[in-house]
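The chain contents come next:
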Amino acid sequence: MKKEDLIKNIAIEIERLNRKIDLKIIKGLAYKKEAKQHKFLLAQLQDLTREKFASMKVTTKKPAKVSLGFFAKTAHFVSAFVF
């Protein structure tokens, strides 16, 4: 099985488990077994995708500083008083 197929199958299984967990939560049932399986699959998926992207060279640039002036400062104060 190719790595891409494995990643796809794990993602599908995670979605299936999410639905099953959601239904158990709604019904008020225990979902400990499904939660452990979900956590394991997420770790597997993370390991597979980390390996995939580790080979890619990533460059990050700092965002340009943007001055919005009076309105940005006003919005900051307004949001501070509203919330």
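From a predicted model like this one, the values you see are computed outputs, not experimental measurements.

(A) Highlighting the nonpolar core. Core analysis: the biggest nonpolar cluster contains seven residues, these being Ile7, Ile10, Ile14, Leu17, Leu41, Leu45 and Leu48. Put simply, the parts of the chain that give this core at least two residues each are helix H1 (3–27) and helix H2 (32–54). For this core, the element with the highest residue contribution is H1, accounting for four residues.

(B) Fine view of the environment of alanine 11. Of note, alanine 11 is situated in helix H1. A relative accessible area of 28% places alanine 11 in the partly exposed class.

(C) View of the side chain of histidine 38. Relative to the elements of secondary structure, histidine 38 occurs in helix H2. Sequence-distant contacts of histidine 38, that is, excluding residues within four places in its chain, are made with Ile14, Leu17, Asn18 and Ile21.

(D) The pattern of salt bridges, seen in detail. If you walk through the whole model with that rule in mind, you get four salt bridges. A salt bridge links aspartate 47 to arginine 50, with the shortest nitrogen-to-oxygen separation between them at 3.2 Å. You can see aspartate 47 and its partner arginine 50 sitting in helix H2, three residues apart, about one turn around the helix. Using a relative accessible area of 48% as the deciding quantity, one classes arginine 50 as partly exposed. Each of Lys20, Lys24 and Glu34 takes part in a single network of salt bridges with overlapping partners.

What counts as what
Residues numbered from 1 in each chain as written. Predicted model: local features only at pLDDT ≥ 70, side-chain atom pairs only at ≥ 80, totals over all residues. Heavy atoms only, no water. Core = buried A, V, L, I, M, F, W, Y, C linked by side-chain atoms within 4.5 Å. Buried < 20%, exposed > 50% of the residue type's maximum accessible area, 1.4 Å probe, protein only. Helix = DSSP H or I, 4+ residues; strand = E, 2+ residues; numbered from the N terminus. Contact = heavy atoms within 4.5 Å. Salt bridge = Lys/Arg side-chain N within 4 Å of Asp/Glu carboxyl O.

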